[in-house]
Amino acid sequence: MHAPSDVPAPSRVDRHAPVPRLGVHLAGDGVDVAVQASHATAVELCLVDAVDAADDGGDRGDVGGGAVASRFRERRVALEGPAFGVWRAHVPGVRAGQRYGFRVHGPWDPAAGLRHNPAKLLVDPYARGLVGELVDDPAIRGHAGADPYGPADDRDSLGFVPHSVVVAEPTGPVAPRPHVPWSETVVYEAHVRGLTQRLEALPEHLRGTYAGLAHPVTIEHLRSLGVTTIELLPVHANVPEPHLLASGRTNYWGYSTLGFFAPHAAYATRAAQAAGPGAVLDEVRGMVHLLHEAGLEVLLDVVHNHTCEGGADGYHLSWRGLDNAVHYLHDGATPARLADVTGTGNSLDFRRPAVVRAALDSLRYWAEGVGVDGFRFDLAVTLGRGESGFDPDHPFLVALQTDPVLSGLKLVAEPWDVGPGGWRTGQFPPPMAEWNDRFRDAVRQFWLADAREASHGRPGHGVRDLATRLAGSADLFGRSDPPLLRGPVASVSYVTAHDGFTLADLVAYDHKHNLANGEGNRDGTNDNRSWNHGLEGPVSTPDATTTVSGAAGGGTGAVPEDPHGADGSALGPGVEIAPLRRRSIRNLFATLVLAAGTPMITAGDEMGRTQRGNNNAYVQDGETSWVSWDLSPWRKDLLATARYLLALRREHPALRPDTFYTGRPVPGSHVPGVPDLVWFDADGELLDHATWHDPQVRTLQMLRTAPEPGASDVLVVLAGSLDAVDVTLPSVRAAAGEALERWSLVWDSDWEHPDDQGDEDARAGDVVVLEPLSVRVYVSPTPPR
């Protein structure tokens with residue numbers, strides 16, 4: 001399978017020298033090589049060369065899948081070690097573009113957690129580039145047969161696995177980081193391919209690529225929308241999980257990492273892919289550069305909690321063959337079993353310094369070498385698990401707070417995993433922000449789930465939890481020493497994310513529709529807190545006659561491309577489904593934007609993207625998941641509304657506080673004596689204890705006073721009943737005059753388009769009528785500076 005090496009012998013290294021940087025890096029006349037494999041007895045660097053099939057030397061392995069059009073020659077170089085668990089060498093004569101991997105010798109003792117198998121070519125965990133596809137073949141597993149604790153498999157995996165590639169260090173500057181303050185940050189969660197694959201305004205060869213994401217057309221959309229920060233679903237090199245690979249499908253979302261340093265090449269242009277991993281990296285850096293020039297930040301969703309190798313019966317591609325007992329979390333029993341706190345079959349063991357180091361090295365590389373502005377940590381509780389469970393003072397989390405490179409970036413935790421004590425929202429240390437699942441649940445509950453219950457005559461949950469989320473979730477993110485240190489911006493508030501229903505589907509489906517995923521509709525959450533407004537799925541087209549009587553009615557009709565653009569009766573005579581659904585979308589979006597905290601928008605929600613009821617589209621690399629840019633009239637109206645609401649947020653500091661409310665007057669305010677936050681009921685009276693706890697209460701008025709001179713105060717009125725409601729605007733006379741006695745209506749969720757507004761001024765004490773399930777926003781006259 002391999003030829004005698006014609007590479008010069010590696011130069012000797014001092015085995016007691018400090019541990020070098022890991023990976024394969026160009027250095028002088030060749031490369032410096034270092035790889036962690038502390039339980040191995042020998043490690044070989046394997047230099048792989050593609051050769052023409054006509055060059056039949058008899059010492060080459062077939063390409064995966066049995067293809068014979070191309071073959072590989074392999075040259076092996078023994079590394080020295082181990083020194084502190086690391087094998088290393090300087091190997092002359094190796095240049096950028098060289099394919100390589102490692103073969104690791106040592107005990108095959110799965111019961112002890114040791115899985116060394118030199119028949120398997122291993123990916124360098126520190127590789128800057130990868131080429132080739134993973135092929136579904138028994139050789140990509142380390143064990144023979146069905147028993148992962150049985151004997152080792154001796155088939156060579158060379159032709160069936162991706163190969164690492166030597167890549168030169170990035171050169172050339174990236175435009176300076178925009179450094180958007182947290183209080184002004186609006187996050188836009190997007191998939192590199194999915195965002196632009198259907199964007200016909202882009203040249204075809206750029207659609208679905210890194211370059212396409214940074215094209216002026218894409219940037220114009222993002223800037224005009226008003227977002228500041230793009231959070232990209234995983235762009236680390238990844239491969240499908242075993243059950244997907246066997247069925248010819250892929251993990252579209254990318255949460256199945258093979259290389260924490262290598263960009264996923266499939267998102268690069270074809271030209272960059274053909275030119276090799278160096279060109280792919282250049283395209284990624286170019287994307288970051290152009291987004292920075294446009295004032296947009298780039299966050300990466302990183303998956304350091306597990307790898308693509310799966311459970312014990314999974315792949316043998318990298319970490320498992322290098323140092324399985326060190327890299328992966330085990331249960332401590334005999335035989336050694338993987339401890340899975342991620343739900344993926346394996347979990348990386350962040351009790352181990354080598355694992356912590358690898359994660360930090362990867363983050364620094366993307367921050368310094370590529371220029372990204374921060375990270376969102378998938379299943380971040382796993383990264384903070386110590387000997388006794390989650391520890392907010394875990395060394396990895398302390399490193400994020402103190403590292404001179406990383407501590408100044410935007411760091412966002414997904415604050416849970418599936419292990420014991422895995423829900424930790426609000427418990428991560430500053431300066432980290434966190435995804436706020438309690439915000440998601442409260443907003444959906446109030447506007448959708450409780451409204452659905454009300455349509456059946458059943459009570460909901462009142463306004464207390466919603467008010468807490470609107471005020472920035474101090475009950476969650478106020479925990480610190482000293483208290484309230486992080487402020488409401490630590491709450492990355494969202495109503496939807498990549499995982500779950502889209503905004504448009506939340507108002508059109510009571511149940512998930514995931515059959516296309518091939519898992520019998522068992523996958524995906526059942527806790528959607530959605531409401532179909534009386535009809536499951538799309539309403540009938542205008543020329544159809546299907547109507548539904550009763551709040552829980554069924555019925556079928558044609559399935560239009562534009563499921564919210566037609567009308568249909570579902571809640572009784574005179575009530576049309578589509579307009580009410582559209583208003584519900586606007587209610588959800590407005591609540592997200594108007595709440596204290598850092599709003600996160602899922603790509604396409606601003607244009608009514610639908611997945612047709614699929615709430616777990618992780619395998620849907622197609623039109624189900626890709627953003628549609630074909631805007632019908634109602635989608636154009638929704639986009640205009642999204643832009644208007646985000647502009648309203650930018651214009652009024654009262655809508656984006658960076659400190660928690662105290663219930664006391666703001667020093668220096670133009671309305672002395674008025675608290676920074678005040679709550680009123682529908683009658684314009686201060687909410688009392690009984691009202692806060694009454695599940696029948698469905699109307700809430702929130703007054704937020706301006707946090708700085710020269711700004712307006714904002715009154716947000718939320719009406720969650722199924723009937724129109726009379727609301728008395730509150731009177732809060734200030735000592736300085738009548739600054740809070742006059743109000744201008746600037747937005748009403750009953751408006752299909754922001755241009756629908758008229759000149760509607762009101763005074764304290766006026767009774768205004770709100771449509772069922774609607775939101776209004778009033779602002780006070782701007783005081784003189």
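Please refer to the structure higher up on the page.
Residues numbered from 1 in each chain as written. Predicted model: local features only at pLDDT ≥ 70, side-chain atom pairs only at ≥ 80, totals over all residues. Heavy atoms only, no water.

Asker: Provide a residue-level description of the environment of F501, including the pertinent values.
Answerer: Mapped onto the fold, F501 is located in the loop between β23 (491-493) and α14 (503-506). Residues F501 and T525 lie 24 residues apart in sequence; the distance between their C-alpha atoms is 9.7 Å. With residues near it in sequence (within four places) discarded, F501 still touches R444, T496, L506, Y509, H511, K512, N528, S530, G613, N614 and N615. (Helix = DSSP H or I, 4+ residues; strand = E, 2+ residues; numbered from the N terminus. Contact = heavy atoms within 4.5 Å.)

Asker: Now, about the sheet that holds β23: what can you tell me, with residues and values included?
Answerer: The sheet built from 8 strands closes into a barrel, its strands ordered β13-β14-β17-β18-β21-β22-β23-β24 with parallel pairing. Averaged over all pairs of adjacent strands, the angle between strand axes in this sheet comes to 30 degrees, irrespective of strand direction. One ladder, built from 4 bridges, connects strand β18 (residues 374-377) with strand β21 (residues 410-413); its direction is parallel. Residue R376 lies in a different strand from β21, and its bridge partner there is V412. (Pairing = 2+ DSSP bridges. Axes fitted to C-alpha atoms, helices over the stretch in contact; angles between N-to-C directions.)

Asker: Go over the nonpolar core with me, naming the residues and quoting the values.
Answerer: Side chains of nonpolar character tend, in soluble globular proteins, to be buried together. In this structure, Y188, F375, F377, F396, L400 and W679 are the most contacted members of the largest nonpolar core, which totals 150 residues. Tallying contributions element by element places helix α8 (residues 353-370) first for this core, with 9 residues. Setting aside chain neighbours within four positions, we find W679 in contact with A467, L470, A471, E685, L686, L687, W692, L700, Q701 and M702. Among the nonpolar cores identified, the runner-up in size contains 42 residues, and V24, A89, F102 and L158 belong to it. (Core = buried A, V, L, I, M, F, W, Y, C linked by side-chain atoms within 4.5 Å. Buried < 20%, exposed > 50% of the residue type's maximum accessible area, 1.4 Å probe, protein only.)

Asker: Pulling in residues and values, what's your account of the sheet that holds strand β2 (residues 30-36)?
Answerer: One open sheet holds the 4 strands; their spatial order is β1-β2-β7-β6, and the pairing between them is antiparallel. Because the sheet does not close on itself, it has two edges, and the strands there are β1 (23-27) and β6 (80-83). Along the sheet, successive strands turn relative to each other by an average axial angle of 20 degrees, direction set aside. As judged from the 2 bridges shared by β6 and strand β7 (residues 86-92), these two strands associate in the antiparallel manner.

Asker: Can you explain helix α6 (residues 277-293)? Please cite residues and give values.
Answerer: Over its 17 residues, α6 runs 24 Å from end to end, which matches the ideal 24 Å to within 8%, given 1.5 Å per residue. Residues P277, V280, L281, E283, V284, R285, M287, V288, L291 and H292 constitute the buried set of α6. Where α6 ends, the next residue or the one after it, G295, has phi of about 85 degrees, a positive value. (Expected span 1.5 Å × (residues − 1).)

All quantities given are derived from atomic positions and should not be read as evidence of function.
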